[in-house]
Amino acid sequence: MSRILYIRKLVLYLCLLPTILFGADWSTTHISYLYGQDYRNPANDNVNDNFSIYTLEHVSGWKYGDNFFFIDAAKTDTKNSDLYLEFAPRFSATKILGHKYEGYIQDILLATQINIAQGAGKKELAGLGVDFKLPYFDVFQTNLYHRDDKDLNGSTYQLTFVWESNFKLFNQDFKFLGFLDIAGEEGSDGAKSEANTLAQPQLLWMAYKNLGIGLEYQYWENKYGINGLDESLPQLLVRWTL
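Quick caveat: nothing in here was measured; it's all calculated off a predicted structure.

Caption draft 1: Layout of the overall build of the chain. In terms of regular secondary structure, the chain is built from three helices and 15 strands. Within the chain, the fraction of its 242 residues that count as buried is 42%. In the chain, 46% of the contacts between residues at least 6 apart in sequence involve partners at least 24 apart. By element, 60% of the accessible surface of the chain is carried by carbon and sulfur atoms, the whole surface being about 13,500 Å².

In structure tokens form, the structure reads like this:
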């Protein structure tokens, strides 16, 4: 995909953002900076890159569900910025049907998502989400998707966990949050994505009301679906809430 075509698609999805914001019952928007070293380079296994990643992230709830949206701009020592976007609206049975759940289940949702990476095709996902009410967690979500990479033959599954826990330690505010993606193999010989796992847990100290400082740990087995390209590293994280 050419850079111009990618930018056009990116602008199209950004045009959806005002609708998300103005139609929201609640919303939170963050800007964050990540820095890490020794990222595995899929183009050259003998070279490890240092990364700076700038992220705009938005989450909101509206009349019929919730939305999640982020854009990453990643710059390495060896190349200019690459852009990556995810947009994930979900539709709530509780909000649409008025059904209340008992016990540990908070809501059941129709979950959708689209991923677009610069220089690559898009991935389309759709499936079922379940939000749980669990002790010590403010948010605990699971989404099971049917995933279709438009650059590959066939399709596969993706199981996603998302969590957030707010707590105090020594009278200071902390957040433990993150996600775990488990995806199956997709495609055929010559153009195949191996089964892969990506986890990014974060621990943030809320230095001020809107400023979090901490670490993100990235574990990626079969990075980008490349067999044997595994990554495990800490990253410095600074996050500002708008």
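Caption draft 2: Molecular detail of the pattern of salt bridges. In this structure the tally under the stated criterion is ten salt bridges. Across the salt bridge formed by Asp131 and Arg90, the nearest N and O atoms sit 3.0 Å from each other. You can see Asp131 sitting in strand 6 (residues 122-132) and its partner Arg90 sitting in strand 4 (residues 82-92), a full 41 residues away along the chain. Comparing Asp131 with Arg90, the two get one shared label, buried. Between Lys150 and Asp148 there is a salt bridge whose closest N-O contact spans 2.8 Å.

Caption draft 3: Layout of the side chain of Gln158. With respect to the helices and strands, Gln158 occurs in strand 8 (residues 156-169). With relative accessibility at 3%, the residue Gln158 sits in the buried group. A polar side-chain atom of Gln158 sits 3.0 Å from a polar atom in the side chain of Thr160. Not counting residues within four places of it along the chain, the set of residues in contact with Gln158 comprises Leu125, Asn143, Leu144, Tyr145, Arg147, Asp181, Ile182 and Ala183.

Caption draft 4: Local environment of the environment of Gln202. Along the chain, Gln202 falls in strand 13 (residues 202-208). Classification of Gln202 as buried rests on a relative accessible area of 14%. The contacts of Gln202, once residues within four sequence positions are left out, are Lys175, Phe176, Leu177, Leu215, Glu216 and Leu237. Reaching out from Gln202, the side chain makes a polar contact with the side chain of Glu216 at a distance of 2.6 Å.

Caption draft 5: Main features of the side chain of Gln200. Following the sequence through the fold, Gln200 ends up in the loop between strand 12 (196-199) and strand 13. Residue Gln200 is classed as buried on the basis of its relative accessible area of 16%. Here Gln218 takes part through its side chain, which lies 2.5 Å from a polar atom of the side chain of Gln200. What Gln200 contacts, discounting residues up to four positions off in sequence, is Leu177, Gly178, Phe179, Glu216, Tyr217 and Gln218.

Caption draft 6: Focus on the pairing of strand 1 (residues 24-40). Here strand 1 pairs with strand 2 (residues 48-62) via 14 bridges, running antiparallel. From the neighbouring strand, Thr29 faces strand 2, where its bridge partner is His58. Pairing analysis gives seven bridges linking strand 1 to strand 15 (residues 231-241), with the strands arranged antiparallel. Its bridge partner being in strand 15, Tyr35 is matched across the sheet by Leu236.

Caption draft 7: Representation of a nonpolar patch on the surface. A surface patch of nonpolar side chains, amounting to about 510 Å² of accessible area, comprises Phe167, Leu169, Phe170, Phe176 and Leu203. Structurally, Phe167 is set in strand 8.

Caption draft 8: Structural detail: the environment of Arg147. Position of Arg147 relative to the elements: it lies in strand 7 (residues 139-149). Residues contacting Arg147, with those up to four places away along its chain left out, are Lys123, Glu124, Leu125, Ser155, Thr156, Tyr157, Gln158, Ala183, Glu186, Ser193 and Asn196. A distance of 2.9 Å separates the side chain of Arg147 from the side chain of Gln158, its partner in a polar contact.

Caption draft 9: Structural context of the nonpolar core. With ten residues, the main nonpolar core is built from Leu34, Tyr39, Phe51, Ile53, Ala74, Leu177, Leu204, Met206, Leu233 and Leu237. Where this core is concerned, the elements lending two or more residues are strand 1, strand 2, strand 13 and strand 15. Beyond its immediate stretch of four places on either side in the chain, Met206 contacts Asp173, Lys175, Leu211 and Gly212. Core analysis: the second largest hydrophobic core is formed by six residues, Ile71, Leu85, Phe87 and Ile114 among them.

Caption draft 10: Broad picture of the packing of aromatic side chains. The final tally for this structure, using the stated rule, is twelve aromatic pairs. Each ring, one from Phe68 and one from Phe70, has its centre 5.8 Å from the other, and the planes form 55°; the classification is tilted. Classification of Phe68 by relative accessible area gives partly exposed; the value is 28%. A residue is classified by how much of its surface remains accessible, and Phe70, at 11% relative accessible area, is buried. Centre to centre, the rings of Trp163 and Phe176 are 5.9 Å apart; their planes meet at 40°, and the pair counts as tilted.

Definitions and cut-offs
- Residues numbered from 1 in each chain as written.
- Predicted model: local features only at pLDDT ≥ 70, side-chain atom pairs only at ≥ 80, totals over all residues.
- Heavy atoms only, no water.
- Helix = DSSP H or I, 4+ residues; strand = E, 2+ residues; numbered from the N terminus.
- Buried < 20%, exposed > 50% of the residue type's maximum accessible area, 1.4 Å probe, protein only.
- Contact = heavy atoms within 4.5 Å.
- Areas by Shrake-Rupley, 256 points an atom, 1.4 Å probe, with all protein chains shown as cover.
- Salt bridge = Lys/Arg side-chain N within 4 Å of Asp/Glu carboxyl O.
- Polar contact = N/O pair within 3.5 Å; in protein donor to acceptor, adjacent residues only side chain to side chain.
- Pairing = 2+ DSSP bridges.
- Patch = residues over 30% accessible without salt bridge, like charges linked within 9 Å, V, L, I, M, F, W, Y side chains within 5 Å.
- Core = buried A, V, L, I, M, F, W, Y, C linked by side-chain atoms within 4.5 Å.
- Phe/Tyr/Trp six-rings, centres within 6.5 Å; stacked < 30°, edge-to-face > 60°.

These figures come from the coordinates and say nothing about function on their own.
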